[in-house]
Amino acid sequence: MKRTIAFLMIFALLLCAAGCHKTPDIPATDTLVAAMDTEMTLRLYGDTDNAAAKALTEELLRLDAVFSPTSEQSALFALNRFKTSSDPDLTALAAQACDLGVRTDGALDITLAPLAALWGFTGEGYYLPTEEEVAQTLLRTGADKYTVSDSGVQLNGDAALDFGALAKGYAADLCRAHLEKAGIAALLSLGGNVQTVGQKPDGTPWRIGVQDPQDPQKVLLMLDVEGTKSVVTSGDYQRYFDYEGKHYCHIFDPATGSPVQKDLRSVTVIADSGTLADGLSTALFVMGFDAACVHWQQSSDFEAIFVTSEGRIFVTEGLREAVSECEFTVVVR
Ligand code: AMP
Ligand code: MG
């Protein structure tokens, strides 16, 4: 009799546990947005009246109009032409960029716009400049070429800024804040930037595929993420040209003035802040594998996945259980 009661109690507990894990019926809706030179997908859970999707779309288009390097109407275009701007988003992001530049020893440098133009990444076609042209252009770059204060951003001489390494991360931060306020769980894919918000309604982790740099149509590995995180990948396969057997990608080494040619093919950074994840993914790519690992060892606010030129995958300690569907080596502190 006692055993029967005990069995019934355990059975009742199991039922309760199963009930607790039952998937709540919260519908997901996908919205596509073309902004910031990329296709974005906003997957929102329980946004039944589409109000959040509409607000995020407006926000992304608004930020596109601030940070576009090419649109003559953008706030950035005006800053680069008139050398001064009091735009609040430009000012806020320039201040964060300045801090990240210091933190990464200059690997992240938002003054490289003249170099991107010289090499043809923002113009009509790619161009292989001479050493002299690169040296001359480097004179226009560096953290001393801009100042940020409460009232805005000022540029020196013929400097020009480029927020390509940070703008999508900053956009993800603003979208996340909006969704948190509205209490909506979401999976946002903003080009190479993924932002998760809240818990996935079915209780499982968010599953994010990281692209294979060798074949970007393929997924190299899966990453499980709990709660709200930014996951950002920088890689040499996103924008590049090949010439005489050499690969020239869109990420520049501020020390040489040339596209980075080190030992990494991609870096994925996972952090709480979108701006931090975006800035660091670019900066760690510039640093190369060894210096990037040292930077992780000295930090406590991010995790990373590195794919080397040889195709090996290295994963920082905190992601040991989160990465699957590939062979990898763990980087420890
Ligand atoms: P991401 O794809 O986030 O790594 O950013 C790459 C973009 O940032 C490039 O297309 C350039 O617009 C810009 N960029 C390139 N090199 C750097 C650098 N070292 N620091 C900051 N921005 C850069
Ligand atoms: Mg970046």
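Residues numbered from 1 in each chain as written. Chains lettered and ligands numbered in written order. Predicted model: local features only at pLDDT ≥ 70, side-chain atom pairs only at ≥ 80, totals over all residues. Heavy atoms only, no water.

A.B. asks: For the overall build of the protein, give the residues involved together with the corresponding values.
C.D. replies: Scanning the protein from N- to C-terminus turns up nine helices and 19 strands. Taken against the 2.2 N^0.38 rule, which gives 20 Å for 333 residues, the C-alpha radius of gyration of the protein at 22 Å falls within 12% of a compact globule. Across the 333 residues of the protein, 47% fall into the buried class. Taking the intrachain contacts of the protein between residues at least 6 apart in sequence as the baseline, contacts between residues at least 24 apart amount to 59%. About 16700 Å² of surface is accessible on the protein, with carbon and sulfur atoms providing 54% of the total. Charge centroids of the protein, computed over 25 positive and 45 negative side chains, lie 7 Å from each other. (Helix = DSSP H or I, 4+ residues; strand = E, 2+ residues; numbered from the N terminus. Rg over C-alpha atoms; globule rule 2.2 N^0.38 Å. Buried < 20%, exposed > 50% of the residue type's maximum accessible area, 1.4 Å probe, protein only. Contact = heavy atoms within 4.5 Å. Areas by Shrake-Rupley, 256 points an atom, 1.4 Å probe, with all protein chains shown as cover. Lys, Arg positive; Asp, Glu negative; His and termini not counted. Charge placed at Lys NZ, Arg CZ, Asp CG, Glu CD.)

A.B. asks: Quick rundown of helix α7 (residues 167-182)? Include the residues and the values.
C.D. replies: Here α7 contains 16 residues, and its C-alpha end-to-end distance of 23 Å stays within 8% of the 22 Å for a straight helix at 1.5 Å per residue. Following α7 by one or two positions, Gly-183 adopts a phi angle in the positive range, close to 70°. (Expected span 1.5 Å × (residues − 1).)

A.B. asks: Quick rundown of the confidence of the model for the protein? Include the residues and the values.
C.D. replies: A low pLDDT score tells you not to read the predicted coordinates there in detail. Here the protein shows a mean pLDDT of 93. Residues at 70 or above account for 93%. Averaged pLDDT values for the elements of the protein fall to 38 in helix α1 (residues 2-20) and rise to 99 in strand β16 (residues 302-308). Here residues 1-22 is modelled with pLDDT under 50, and outside its nearest four sequence neighbours on either side it reaches zero contacts, counting other chains as well. (pLDDT = per-residue confidence, 0-100.)

A.B. asks: How would you summarise the environment of Thr-57 if you had to cite specific residues and measurements?
C.D. replies: One can find Thr-57 in helix α2 (residues 51-67). Between the C-alpha atoms of Thr-57 and Val-33, which are 24 residues apart in sequence, the distance is 6.5 Å. Beyond its immediate chain neighbours, meaning those up to four positions away, Thr-57 contacts Thr-31, Val-33 and Leu-42. Within polar-contact distance, the side chain of Thr-57 engages the backbone oxygen of Ala-53 at 2.6 Å. (Polar contact = N/O pair within 3.5 Å; in protein donor to acceptor, adjacent residues only side chain to side chain.)

A.B. asks: How would you summarise the sheet that holds strand β9 (residues 215-225) if you had to cite specific residues and measurements?
C.D. replies: The three strands are arranged β8-β9-β18 in an open sheet whose pairing can be described as antiparallel. Pairing within the sheet leaves two strands with one partner each, and these edge strands are β8 (206-212) and β18 (323-324). (Pairing = 2+ DSSP bridges.)

A.B. asks: For the site of ligand 1, give the residues involved together with the corresponding values.
C.D. replies: In the neighbourhood of ligand 1, 17 residues make up the surrounding shell, with Asp-109, Asp-162, Ser-234, Phe-252 and Thr-282 lying closest. In this structure, Ala-107 approaches ligand 1 through a main-chain N or O atom, which is 3.0 Å from a nitrogen atom. Here an oxygen atom of ligand 1 sits 3.1 Å away from a polar atom, N or O, in the side chain of Arg-239. The fraction of the free accessible surface of ligand 1 (500 Å²) that becomes covered by protein chains is 92%. Examining the composition of the shell around ligand 1, we find that three residues originate from one element, helix α8 (residues 274-287), more than from any other. (Near = heavy atom within 4 Å.)

A.B. asks: Break down the pattern of salt bridges for me, with residues and values.
C.D. replies: Taken as a whole and judged by the stated rule, the model has 15 salt bridges. Residues Asp-301 and Arg-103 are paired through a salt bridge, measuring 2.8 Å at the closest nitrogen-oxygen approach. One end of the pair, Asp-301, is in the loop between α9 (289-297) and β16; the other, Arg-103, is in helix α4 (residues 88-103), and 198 residues separate them in sequence. For Asp-301, a relative accessible area of 33% gives the class partly exposed. Residue Arg-103 is classed as partly exposed on the basis of its relative accessible area of 28%. Asp-173 is paired through a salt bridge with Arg-176; the nearest N and O atoms lie 3.2 Å apart. On the criterion of helical spacing, the pair formed by Asp-173 and Arg-176 is a turn pair, its members being three residues apart in helix α7. The same class applies to Asp-173 and to Arg-176, which are both buried. Where salt bridges share partners, they join Glu-59, Arg-62 and Asp-89 into one cluster. (Salt bridge = Lys/Arg side-chain N within 4 Å of Asp/Glu carboxyl O.)

A.B. asks: Could you give me a rundown of the packing of α8 against α9, with the residues and numbers involved?
C.D. replies: Running from N to C, α8 and α9 point in directions that differ by 135°, and their axes come no closer than 6 Å. By the angle between their axes, α8 is oblique relative to α9. Two secondary-structure elements touch here, α8 through Leu-280, Leu-284 and Met-287 and α9 through Phe-289, Ala-291, Ala-292 and His-295. Here the contact of α8 with α9 is built from residues that sort into six nonpolar, one polar and no charged. (Axes fitted to C-alpha atoms, helices over the stretch in contact; angles between N-to-C directions. Parallel < 35°, antiparallel > 145°, perpendicular 65-115°, else oblique. Nonpolar A, V, L, I, M, F, W, Y, C, P; charged D, E, K, R; others polar.)

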